[in-house]
Amino acid sequence: MTKITIGQHYPTDSIIHHLDARVKLIGTIMYIVFLLFVNHYAGYGVAALFLTGIIALSKIPPRLIFRGLRMIVFILIFAAGINLFFTAGETVLFHFAFIRITLEGIMMASHMAMRLILLVMGSSILTLTTSPIQLTDGIESLLNPLKPIKVPAHDIAMLMTIALRYIPALAEEMEKIMKAQKARGADFDTGGLIKRIRSMLPILVPLFVSAFKRADELATAMEARCYRGDINRTKMKAMKMTRTEFIGMGVMICFGGLIFLTRLL
């Protein structure tokens, strides 16, 4: 559980870290959308090369990026299995009773697995290279045009940032509770599925209590610092677009063009 990378920030001096948070947010959304249009292995190759370049520029250890994939192993296996066994196709490779594996199913399963891996790795870079304060300011700035229709831009940005920030914190808390339960003789690794689900109840109850306690402490701390949302609020660092940000957006557009080119060809 402590291997979760989404929500963690890795501070270092790199071009990606110094980019405007708004550019990184828009770039991440564009990356996810472009990745959903990939329908060929060449497209995944282009996305993998692009992601490798971003990781190199961000100076984030690759092991930290790959470590976050451990949490989606079950989802990968489940998604690949669904597509492998339930995708209809003409080229049957194996058939026994109700089990039917086709070439089209294998291709669909591999496409789904690669897409999930690239999505998780690309999304992790956003939080690893952007501090919670920068992320809040970026989301709020992008939602500001919706203020005339009474959309609480600052509140939404703050809620999203706090939620991302507390994912690794709650995972660490769950790890501590599990170790404490194991020290008292609890067994989470043996037995059937029903037994394992029941054994998780002594973990979930203190985890929820701890989560509500953290939320209450956070609210108290914000009130003690006279937090009043975006009323008369100023920012220490003003967000501004420079030549680097425009180059970054141009790179994302070129990446999207390559993805659509592989789709057409």
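Just above, that's the structure.
Residues numbered from 1 in each chain as written. Predicted model: local features only at pLDDT ≥ 70, side-chain atom pairs only at ≥ 80, totals over all residues. Heavy atoms only, no water.

Quick word on a nonpolar patch on the surface
Part 1 of the argument: A cluster of nonpolar side chains, namely F74, I75, F78, I82, F85 and F86, defines an oily patch on the protein surface of about 700 Å² accessible area.
Part 2 of the argument: Following the sequence through the fold, F74 ends up in helix α5 (residues 73–86).
Part 3 of the argument: By relative accessible area, F74 is classed as exposed at 64%. (Patch = residues over 30% accessible without salt bridge, like charges linked within 9 Å, V, L, I, M, F, W, Y side chains within 5 Å. Areas by Shrake-Rupley, 256 points an atom, 1.4 Å probe, with all protein chains shown as cover. Salt bridge = Lys/Arg side-chain N within 4 Å of Asp/Glu carboxyl O. Helix = DSSP H or I, 4+ residues; strand = E, 2+ residues; numbered from the N terminus. Buried < 20%, exposed > 50% of the residue type's maximum accessible area, 1.4 Å probe, protein only.)

Topic: the environment of K213
Part 1 of the argument: With respect to the element layout, K213 can be found in helix α10 (residues 201–224).
Part 2 of the argument: Judged by relative accessible area, which is 54%, K213 ranks as exposed.
Part 3 of the argument: For the pair K213 and H154, spaced 59 residues apart in sequence, the C-alpha separation works out to 24 Å.

Quick word on helix α3 (residues 41–58)
Part 1 of the argument: For α3, with 18 residues, the first-to-last C-alpha span of 26 Å sits near the 26 Å given by 1.5 Å per residue.
Part 2 of the argument: Three or more residues of α3 are buried, namely G43, Y44, V46, A47, F50, L51, I54, I55 and S58.
Part 3 of the argument: Buried residues along α3 sit against α1 (15–18), α2 (21–36), α4 (62–67), α6 (103–129) and α11 (243–264).
Part 4 of the argument: Of the residues trailing α3, K59 is marked for its positive phi of about 60°. (Expected span 1.5 Å × (residues − 1). Contact = heavy atoms within 4.5 Å.)

Things to note about the side chain of T129
Part 1 of the argument: Mapped onto the secondary structure, T129 falls in helix α6.
Part 2 of the argument: Apart from residues lying up to four places away in sequence, T129 is in contact with H9, I16, H17, K24, S58, I60 and Q134.

Describing α11
Part 1 of the argument: Across its 22 residues, α11 extends 32 Å between first and last C-alpha, which sits within 8% of the 32 Å expected from 1.5 Å per residue.
Part 2 of the argument: Within α11 the residues assigned to the buried category are E245, G248, M249, M252, F255, G256, I259 and T262. Along α11, the residues classed as buried sweep out an arc of 140° about the axis, all on the same side. Those residues of α11 that are exposed and angled more than 90 degrees off the buried face are R243, F246, I247, I253, C254 and L264. (Arc of directions from axis to C-beta.)

Brief notes about the pattern of salt bridges
If charged atoms from side chains of opposite charge come close, those side chains can pair.
Part 1 of the argument: Tallied over the entire structure, the rule returns 2 salt bridges.
Part 2 of the argument: Among the salt bridges present, the one from R22 reaches D20, with a minimum N-O distance of 3.0 Å.
Part 3 of the argument: A residue is classified by how much of its surface remains accessible, and R22, at 17% relative accessible area, is buried.

Re the packing of helix α7 (residues 132–143) against helix α8 (residues 153–183)
Part 1 of the argument: For the pair α7 and α8, interaxial distance at closest approach is 8 Å and the crossing angle is 145°. When you trace α7 past α8, the crossing you get is right-handed. Residues P132, L135, T136, I139, E140 and L143 of α7 lie in contact with α8, whose contacting residues are A153, H154, I156, A157, M158, M160, T161, L164 and R165.
Part 2 of the argument: When the residues that make up the contact of α7 with α8 are grouped by side-chain class, the tally is 10 nonpolar, 3 polar and 2 charged. (Axes fitted to C-alpha atoms, helices over the stretch in contact; angles between N-to-C directions. Left-handed = near helix turned anticlockwise from the far one by under 90°. Nonpolar A, V, L, I, M, F, W, Y, C, P; charged D, E, K, R; others polar.)

Some details on the packing of α2 against α11
Part 1 of the argument: Between α2 and α11, whose axes approach to 10 Å, the crossing angle comes to 0°. Classified by the angle their axes make, α2 and α11 are roughly parallel. Within the contact between the two elements, α2 uses V23, I26, G27, M30, Y31 and F34 and α11 uses E245, M249, M252, I253, F255, G256, I259 and F260.
Part 2 of the argument: Of the residues contributing to the contact of α2 with α11, the split by class is 11 nonpolar, 2 polar and 1 charged. (Parallel < 35°, antiparallel > 145°, perpendicular 65-115°, else oblique.)

Looking at unusual backbone geometry
Most of the time, phi is negative for any residue but glycine, and the peptide bond is trans.
Part 1 of the argument: For K59, which is not glycine, the phi dihedral falls at a positive 60°.
Part 2 of the argument: By secondary structure assignment, the location of K59 is in the loop between α3 and α4.
Part 3 of the argument: Although it is not a glycine, K150 sits at a positive phi angle of roughly 65°.
Part 4 of the argument: The exposed category is assigned to K150, whose relative accessible area is 75%.

Observations regarding the packing of aromatic side chains
Part 1 of the argument: Throughout the structure, instances matching the rule amount to 6 aromatic pairs.
Part 2 of the argument: Considering the side-chain rings of Y31 and F50, the 6.3 Å spacing of their centres and the 25° angle between planes classify their relative orientation as stacked. Separated by 19 residues along the polypeptide, Y31 in helix α2 and F50 in helix α3 bring together distant segments of the chain. (Phe/Tyr/Trp six-rings, centres within 6.5 Å; stacked < 30°, edge-to-face > 60°.)

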